[in-house]
Amino acid sequence: MGFSLSKLFRKKPRERRSTASLKAIAAADGTIAFYAGKSAGRPRFVYRRLAQALDAAASTADRAAAIQSFRDEIKTSGSRGEGLKLRMVLPPFLEKRLRPDERAELEPWLASLRARRGRLRDAFPDCADEFSLAPAFLDSALGVEKLAVIERRTRIFTMGSCFARNIAVFLQANSYTAEAFMQTEDLNSPFSNARMLSVASAPAGERQAFVAGWIETLYPDESSERRAARRDEALGRLAGLAQSIASAEVVIVTIGSALDFFLPAGAPAGGTTLAGEVAPKFLLLADTEDADKRAGLAQRLKAQGATFRLGTFAESKTAISRFYSAVRALNPHALCLFTLSPVPMDSAIGLHKATPGGAAEIDCVSKSTLRAALHEAMAAWIATDPAVRYFPSYEIVRWIAPNLPIQTFGAEDASARHVSEQVLNGVCDYFLDRFGADRANTSRDPQSMTSNHPMELIK
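In this report, the structure presented in the accompanying data block is examined. Predicted, not measured: the structure shown is a model, and the values here were computed from it. (Residues numbered from 1 in each chain as written. Predicted model: local features only at pLDDT ≥ 70, side-chain atom pairs only at ≥ 80, totals over all residues. Heavy atoms only, no water.)

1. With respect to the side chain of R207
As a reminder of what qualifies: Numbering goes from the N terminus for both helices and strands, where a helix is a DSSP run of H or I of at least four residues and a strand is a run of E of at least two. Working definition: with a 1.4 Å probe on protein chains only, accessible area under 20% of the residue-type maximum means buried, over 50% means exposed, and in between means partly exposed. The charge count includes Lys and Arg as positive and Asp and Glu as negative, but it does not include His or the ends of the chains. The term salt bridge refers to a side-chain nitrogen of Lys or Arg lying within 4 Å of a carboxyl oxygen of Asp or Glu. The criterion used for residue contact is that any of the two residues' heavy atoms lie within 4.5 Å.
Its place among the elements puts R207 in helix 9 (residues 204–218). Here R207 is buried and forms no salt bridge, its nearest opposite-charge partner E206 lying at an N-O distance of 8.5 Å. If near-sequence neighbours (up to four positions away) are discounted, R207 is found in contact with V199, A200, A202, L235 and L238.

2. Comments concerning the environment of P92
With respect to the helices, strands and loops of the structure, P92 is situated in helix 4 (residues 92–97). Placed 40 residues apart in sequence, P92 and S132 show a C-alpha to C-alpha distance of 7.9 Å.

3. Let's talk about the packing of helix 8 (residues 190–200) against helix 10 (residues 224–247)
Defined as follows: Angles here are taken between N-to-C directions and fall from 0 to 180 degrees, while the axes themselves are lines fitted to C-alpha atoms, restricted in helices to the stretch in contact. Should an angle fall under 35 degrees it is taken as roughly parallel, and over 145 as roughly antiparallel, whereas 65 to 115 is taken as roughly perpendicular and any remaining angle as oblique. Residue classes follow a fixed rule: Ala, Val, Leu, Ile, Met, Phe, Trp, Tyr, Cys and Pro count as nonpolar, while Asp, Glu, Lys and Arg count as charged, and any other residue, Gly among them, counts as polar.
Close contact between helix 8 and helix 10 brings their axes to 9 Å; oriented N to C, the two are set at 90 degrees. Our classification of the angle between helix 8 and helix 10 gives roughly perpendicular. On helix 10, the residues that touch M196, L197, V199 and A200 of helix 8 are L238, L241, A242 and I245. When the residues that make up the contact of helix 8 with helix 10 are grouped by side-chain class, the tally is eight nonpolar, no polar and no charged.

4. With respect to the pairing of strand 1 (residues 155–160)
Put simply, the test is: In this analysis, strands are considered paired if DSSP registers two or more bridges between them. Whether a crossover is right-handed depends on one test, that the path from the first strand over the helix to the second runs clockwise when the strands point away from the viewer.
By the criterion of burial, strand 1 is predominantly enclosed, with five of the six residues buried. Pairing analysis gives six bridges linking strand 1 to strand 2 (residues 177–182), with the strands arranged parallel. Within strand 2, the position partnered with G160 by the bridge is M182. Once the chain exits strand 1 it traverses helix 7 (residues 162–173) before rejoining the sheet at strand 2, and the crossover so formed is right-handed. Pairing analysis gives four bridges linking strand 1 to strand 3 (residues 250–255), with the strands arranged parallel. Across the sheet, residue F157 finds its bridge partner in strand 3, namely V251.

5. Some details on helix 15 (residues 421–435)
Defined as follows: To estimate the expected span of a helix, count its residues, drop one, and scale the result by 1.5 Å.
Over its 15 residues, helix 15 extends 21 Å from the first C-alpha to the last, a length consistent with the 21 Å expected when each residue adds 1.5 Å. Among the 15 residues of helix 15, eleven are classified as buried, and the element is accordingly described as predominantly covered. Listed in full, the buried residues belonging to helix 15 are V423, L424, G426, V427, C428, Y430, F431, L432, D433, R434 and F435.

6. Thoughts on the environment of Q68
Residue placement: Q68 occurs in helix 3 (residues 60–77). The class for Q68 is partly exposed, based on a relative accessible area of 37%. C-alpha of Q68 to C-alpha of L50: the two residues are 18 residues apart in sequence and 9.7 Å apart in space.

Right under this line is the structure:
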């Protein structure tokens with residue numbers, strides 16, 4: 001039988017209730033001004049009131065009176081109730097209206113108020129006008145401890161999707177020593193990364209047997225010469241990955257997607273003892289966004305019995321923990337910074353789904369699962385490892401940037417999967433603000449920058 005609303009509600013008694021509070025007048029196109037009845041006298045309108053007063057000011061005295069009124073209101077309403085959620089950060093529209101001397105007077109005063117509100121970081125910012133990519137606002141909304149340990153000669157290695165590459169590019173452009181291990185977003189799952197690192201760090205003979213076995217399985221129609229070339233290329237890439245992690249002083253990892261090709265229980269592991277839950281797609285999937293090509297490559301994995309599906313929370317947490325352990329096995333001392341990529345997944349075509357949903361819903365489930373799993377995993381690591389941190393690039397792009405009057409994705413190239421440059425620069429700049437030693441103390445002796453390992457500075 002089909003679904004029927006009339007049958008669903010047929011036997012329910014009619015409910016009498018007042019709808020007076022729900023009355024609204026629709027415009028000609030059917031839209032409604034949902035917030036027309038909201039009072040503009042609430043504390044979060046304080047910056048708009050100052051802007052209006054400055055626009056109406058006819059003299060310097062009028063401007064001074066408007067600013068004093070603003071200060072009085074902040075002192076009164078900013079210390080109780082709804083006003084406690086104010087972050088005390090000047091919005092861009094006010095920065096443009098204030099004269100340099102006026103800003104020089106207001107900003108230190110607001111900074112002093114901000115400094116006393118640390119415990120309120122756990123309350124979501126209430127005033128949308130305050131949202132900004134400036135460190136002052138991000139500090140007030142996020143819990144990133146300032147750890148100024150990355151110097152320009154610190155060896156930095158980034159691994160993950162294009163977002164990891166972008167951080168490396170930004171660091172290089174600012175004269176930092178950084179390199180990136182490139183992967184597309186869909187290759188960047190904790191399951192595949194954990195398996196890839198386990199292979200990269202395995203004894204040489206075991207690693208060679210694993211790669212050779214899977215190359216033969218995945219490319220049975222190719223010549224032995226072509227398979228040998230693929231094997232050598234993969235082994236070289238894996239050896240380079242292990243070496244880069246082992247020699248880095250800072251390892252930055254961006255985790256991307258919870259989608260992967262899961263093998264059935266008891267599936268062969270490429271002829272070696274390196275068993276795993278997912279197929280080694282790092283040996284097969286190319287760095288391409290062509291949906292047809294990716295679908296064809298995915299079929300090779302499915303032919304080995306793999307199921308393309310979302311990993312569960314428990315599976316994700318386990319994979320992230322295995323990945324972390326593999327990094328630590330290669331490099332026990334590097335500062336390890338984890339972050340969740342804000343870049344949406346590329347494609348879920350062919351995904352096994354228990355419930356209907358398009359790419360946006362699947363991406364939401366994927367990111368939410370990974371963020372929660374990483375949160376729980378890190379709680380255990382931090383208890384014994386002082387050199388591991390989380391950086392909220394995902395939160396800045398997905399939660400802060402949408403409140404700004406700019407396009408979060410695709411402003412430059414119309415790509416819905418490329419973070420716009422203004423946002424990306426803001427994220428990377430905040431990264432340096434939190435972890436860059438040169439920003440914290442530009443007067444340091446340049447010679448000393450070669451002698452300190454980041455972990456020595458943490459201690």
